Amino acid sequence: TTLFRSGAAALIIGRFIPAEPRTETAPSIRSEFAALRSGRVWLALAASVLLFGGVMAAYSYVAPLLTGRAGISAGAVSLILVGYGIGALAGTNIGGRLGDRRPLATQITAALTAVLVLVLLQTPLSTRPVATVVLLVLMGLAGQSVPPVSTALAVRFAGNAPTLAAALSASAFNAGVATGSLIAGIALDSSLGLTGPSLVGMIMAAFALVPLLALTAIRATRTDGAHPVPEARRDASQSSDAPHSRV
């Protein structure tokens, strides 16, 4: 039944969506792989792995934290997770809007917010149900603001290789989820207990600041390299170009 519905949906979409002629040449395979030589692409991907993986490391094992530490009943966990979904929806929207103007500042803010939330989840504050729910919403807000901005940054830095950059960005998210969840699971079974996944997530999100700050430094260096025209020279140039009045 699912296969039939999927096939029917594909036929309907193919029938009613108008075809648009391609106005630009598709990038070659060589140009796509040439983008891998860009250090900024790898810095953006590293930030995606660490930041998104850190948030998901804590979220993957949030149910034991809610029931065993915050004292929330198991039957209410699904309802509580709606709060994370609301935060994630808001984060995607806000991250996409702010990321258009200040992508690196948005990413750094998300990383700092995630670190703060994950730190608080390890304090006695996480034993209070209301506070824990608020932190969960903020975690969704910070974590889900990452994908739209990270993908846009990777595509921008890749230049003529947008297809490979977008694919690598999606792979970076999956790698972060897999790595973070694996380490968080080991931490949960260790002496760290219920706060272990939050600790793992905090460390990963904190390390995400390293590539983000490196990208900020590269951008600042390139901006400083374009020296503006001095004010006095610009005024002199404008005065020399002005039309002379006839006597």
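Please refer to the structure placed before this passage.
**Student:** I tried to follow the overall build of the chain on my own but got confused; where do I start?
**Tutor:** When you go through the chain residue by residue, the secondary structure sums to 12 helices and zero strands. Its helices and strands taken in sequence order, the chain reads α-α-α-α-α-α-α-α-α-α-α-α from the N to the C terminus. Put simply, the chain has 247 residues, and 35% of those count as buried. When the accessible surface of the chain is totalled, it reaches about 14,600 Å², and 66% of it is carbon and sulfur.

**Student:** Looking at this structure, how should I read the packing of helix α6 (residues 103-120) against helix α7 (residues 129-143)?
**Tutor:** Think of two packed helices as two axes; the pair is described by the angle between the axes and how far apart they sit. It is at 9 Å that the axes of α6 and α7 come closest, and there the two elements cross at 155°. Considering their axes alone, α6 and α7 lie roughly antiparallel with respect to each other. When the axes of α6 and α7 are compared, the crossing they make is left-handed. On the side of α6, the interface is formed by Ala-110, Thr-113, Ala-114, Val-117, Leu-118 and Leu-120, while α7 contributes Leu-135, Leu-138, Met-139 and Ala-142. Of the residues contributing to the contact of α6 with α7, the split by class is nine nonpolar, one polar and no charged.

**Student:** Just checking my understanding: could you explain the packing of aromatic side chains for this structure?
**Tutor:** When we look at a pair of aromatic rings, we describe it by the centre distance and by the angle of the planes. With the rule as written, the count across this model stands at two aromatic pairs. Ring geometry for Tyr-59 against Tyr-84: centres 4.0 Å apart, planes inclined by 20°, an arrangement best described as stacked. In this pair, Tyr-59 sits in helix α3 (residues 39-60) while Tyr-84 sits in helix α5 (residues 77-101), placing the two residues 25 residues apart along the sequence.

**Student:** Looking at this model, I keep getting lost on the packing of α6 against helix α8 (residues 146-158). Mind explaining?
**Tutor:** Their axes nearest at 10 Å, the elements α6 and α8 cross at an angle of 140°. Overall, the two elements α6 and α8 adopt an arrangement that is oblique. The two elements α6 and α8 cross, and the hand of that crossing is left-handed. Contacts between α6 and α8 involve Pro-103, Leu-104, Thr-106, Gln-107 and Ala-110 from the former and Val-146, Val-149, Ser-150, Leu-153 and Arg-156 from the latter. Looking at the contact of α6 with α8 residue by residue, the class counts come to six nonpolar, three polar and one charged.

**Student:** Can you walk me through the side chain of Ser-145 in this structure?
**Tutor:** Looking at the secondary structure, you find Ser-145 in the loop between α7 and α8. Not counting residues within four places of it along the chain, the set of residues in contact with Ser-145 comprises Gly-91, Thr-92, Gly-95, Gln-107 and Ala-110.

**Student:** How should the environment of Met-56 be read in this particular structure?
**Tutor:** Take Met-56: it is sitting in helix α3. The exposure class of Met-56 is buried, given its relative accessible area of 13%. Residues Met-56 and Val-177, 121 residues apart in the sequence, show an inter-C-alpha distance of 5.8 Å. Discounting chain neighbours no more than four positions away, the residues touching Met-56 are Tyr-84, Gln-144, Val-177 and Ser-181.

Reading guide: rules and limits
- Residues numbered from 1 in each chain as written.
- Predicted model: local features only at pLDDT ≥ 70, side-chain atom pairs only at ≥ 80, totals over all residues.
- Heavy atoms only, no water.
- Helix = DSSP H or I, 4+ residues; strand = E, 2+ residues; numbered from the N terminus.
- Buried < 20%, exposed > 50% of the residue type's maximum accessible area, 1.4 Å probe, protein only.
- Areas by Shrake-Rupley, 256 points an atom, 1.4 Å probe, with all protein chains shown as cover.
- Axes fitted to C-alpha atoms, helices over the stretch in contact; angles between N-to-C directions.
- Parallel < 35°, antiparallel > 145°, perpendicular 65-115°, else oblique.
- Left-handed = near helix turned anticlockwise from the far one by under 90°.
- Contact = heavy atoms within 4.5 Å.
- Nonpolar A, V, L, I, M, F, W, Y, C, P; charged D, E, K, R; others polar.
- Phe/Tyr/Trp six-rings, centres within 6.5 Å; stacked < 30°, edge-to-face > 60°.

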